[in-house]
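Examining the three-dimensional arrangement
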Amino acid sequence: MSVVTRFAPSPTGMLHIGGARTAYFNWLFARHHGGTFLLRIEDTDKERSTEDAKRAIIDGLGWLGLTHDGDTVFQSKQEARHQEIAEQLLREGKAYKCYCSAEELAAMREEAQKEGKRISYDRRWRDRDASEAPAGVEPVIRIKAPLEGEIIVKDAVQGDVRFGADQLDDFIILRSDGSPTYMLAVVVDDHDMGITHIIRGDDHLNNAARQTVLFDALGWDVPQFAHIPLIHGPDGAKLSKRHGALGVEAYRDMGYLPEAVCNYLLRLGWAHGDDEIISRDQAIEWFSMEGINKAAARFDFAKLENLNGHYIRQADNARLIELVRPLLVKALGRTLNDTQNAVLTRGMEGLKQRAETLNALAESALFYVIDRPLQLEEKAAELVNERKAVLADIADAWAKLDTWDADSIKPVVAEIATAHELKLGKMMPAIRASVTGGTGGPDLMDILTTLGQEEAIARLRDVC
Ligand code: GLU
């Protein structure tokens, strides 16, 4: 049997970070088995579904590199098929029309609450003849759920989860306006799309029992379910807005790389021994249902940042430049000229060693491409003010150099230090302050060679 998985988001907001993890797991499982990964947009809730949300989900998946196979399925377009199945169940006597009014249902709910019963609808139309139907009332269609025994959801993560028949009501499959409910639409679509495995959040476990009732009624194979524990915030409560960013695009905007986010999400809910850094290829090779954790994991922003730093160091410099350039352009309010682009290219290798996010990387690159004269930070200004004469001499000596590399730059600095009776260690911070405007950054020789002779000298002269 060839594996077919799906990601089935409802387009009511951004691509949630938990949804991204669900998508990644389904994608990995399909890729691991050489199967198919499908995307179904569950847009049946017309009030809450928006075009922006659809775009955000598709963009988010694209950014994460979770490409799906085949065409995107839009659930709303399958409505006729959902209705056809509801009618079929009706014809086969496996479903029935219910004419209850809202008042009747409310009264049943109240009654059930009083008696402490789990289900409120008393199945009053289950065996009633249609001839008794009140005039002018459009009925809903309800499934005949089993009256006794139990429904077992065979779950790859949770094991066999048993639901007593008394926990399931005759739920609605078609509303009175002819629109399908989520429960019916999901089952019909999963069947029609040939889905073999459903990996999703464990908030859908109860739905799985109802969906099993429908699969059984239709005589269709039940896909293998795998309900994964939800993501919790650092405090152990379900991840929510107050914990910080929820949407995938927020992580992109904070300067995370998609491969870092995927690696982090994978580890958040799945394990392969103690491995922390798991590339996408490795994940495809290793991914299995057995590795999925049974307990909820806590989101740890520091860990994500750490991983991101790792992937930044691994990333191709040309790619990082493309990602950082727009951030620099935004900060500067102008584009970079050829010289500045060349400086950025030379400097990237050194810069990426110390950045955890692209935003931090851009911030650390800013001094390379900023307009002269530099605005010195307070501490930098102090360092420079103490050494103006020395810095002027260094600038003059550097101007005479024919080659510009660490081997030619350093001896000149040492010579001038001796002439001024200063230790080399006393001069380097002042040079750094002059050419960067600050006190941190990559190795000083790296900075100077990256800036180039002309620019380095000009920056020194600016402060003298
Ligand atoms: N559309 C549902 C959601 O976004 C998921 C349905 C499913 O995976 O079965 O929560």
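Sequence order as written defines residue numbering, which begins from 1 separately in each chain. Local features in this predicted model are restricted to residues of pLDDT 70 or higher, and side-chain atom pairs are both shown and tallied only at a pLDDT of 80 or more, whereas totals for entire chains, interfaces and linings draw on every residue. Each side-chain value is derived from all of the structure's non-hydrogen atoms; neither hydrogens nor water enter the calculation.

Another aspect to go through is the site of the ligand. Taken together, Arg-6, Ala-8, Pro-9, Ser-10, Glu-42, Tyr-182, Arg-200 and His-204 make up all the residues around the ligand. Between the ligand and the protein, one listed contact pairs a nitrogen atom with a backbone N or O atom of Ala-8 at 2.7 Å. What qualifies as a polar contact is a pair of N or O atoms within 3.5 Å, subject to a donor-acceptor requirement within protein and to the restriction that residues adjacent in sequence count only when both atoms come from side chains. At 2.6 Å, a side-chain N or O of Arg-200 approaches an oxygen atom of the ligand. Protein coverage of the free-state accessible area of the ligand, which is 300 Å², stands at 79%. In this classification, Asp, Glu, Lys and Arg are treated as charged, Ala, Val, Leu, Ile, Met, Phe, Trp, Tyr, Cys and Pro as nonpolar, and every other residue, Gly included, as polar. Residue composition of the shell around the ligand, grouped by class: 3 nonpolar, 2 polar and 3 charged. We call a residue near a given molecule or strand whenever any one of its heavy atoms falls within 4 Å of it. Accessible surface is estimated by sampling points in the Shrake-Rupley manner with a 1.4 Å probe; for residues, cover comes only from the protein chains shown.

With that settled, consider the pairing of strand β9 (residues 197-201). The rule is simple: take the accessible area with a 1.4 Å probe, protein chains only, and divide by the maximum for that residue type; under 20% is buried, over 50% is exposed, in between is partly exposed. Helix and strand assignments come from DSSP, with helices taken as H or I runs of at least 4 residues and strands as E runs of at least 2, each series counted from the N terminus. With respect to burial, β9 is a largely interior element, 5 of its 5 residues being buried. The pairing criterion for strands is at least two bridges between them, as found by DSSP. Note: β9 against strand β10 (residues 224-228), 5 bridges, orientation parallel. In the sheet register, His-197 faces β10, and the bridge partner there is Gln-224. Each parallel crossover has a hand, and for β9 linked through helix α6 (residues 205-218) to β10 it is right-handed. If the strands point away from the viewer and the path from the first strand over the helix to the second runs clockwise, then the crossover is right-handed.

Let's shift gears to the environment of Ala-458. Summarising the element assignment, Ala-458 is placed in helix α19 (residues 453-463). The class of Ala-458 is buried, set by a relative accessible area of 16%. Spatially, the C-alpha atom of Ala-458 lies 25 Å from that of Leu-361, the residues being 97 residues apart in sequence.

Moving on to helix α15 (residues 388-399). Multiplying 1.5 Å by the residue count of a helix minus one yields the expected span of that helix. Between the first and last C-alpha of α15 there are 17 Å, a value that for 12 residues agrees with the 16 Å anticipated at 1.5 Å per step. Of all the positions in α15, only Val-390, Leu-391, Ile-394, Ala-395 and Trp-398 are classed as buried. On an axial view of α15, the arc spanned by its buried residues comes to 140 degrees, and they lie on one face. Only heavy atoms matter for contacts: two residues are in contact if any of them lie within 4.5 Å across the pair. Packed against the buried residues of α15 are α14 (378-386), α16 (406-419), α17 (424-436), α18 (444-451) and α19. Here the arc refers to the directions that run from the helix axis out to each C-beta atom.

In short, the description is geometric, and any link to function would need to be established separately.
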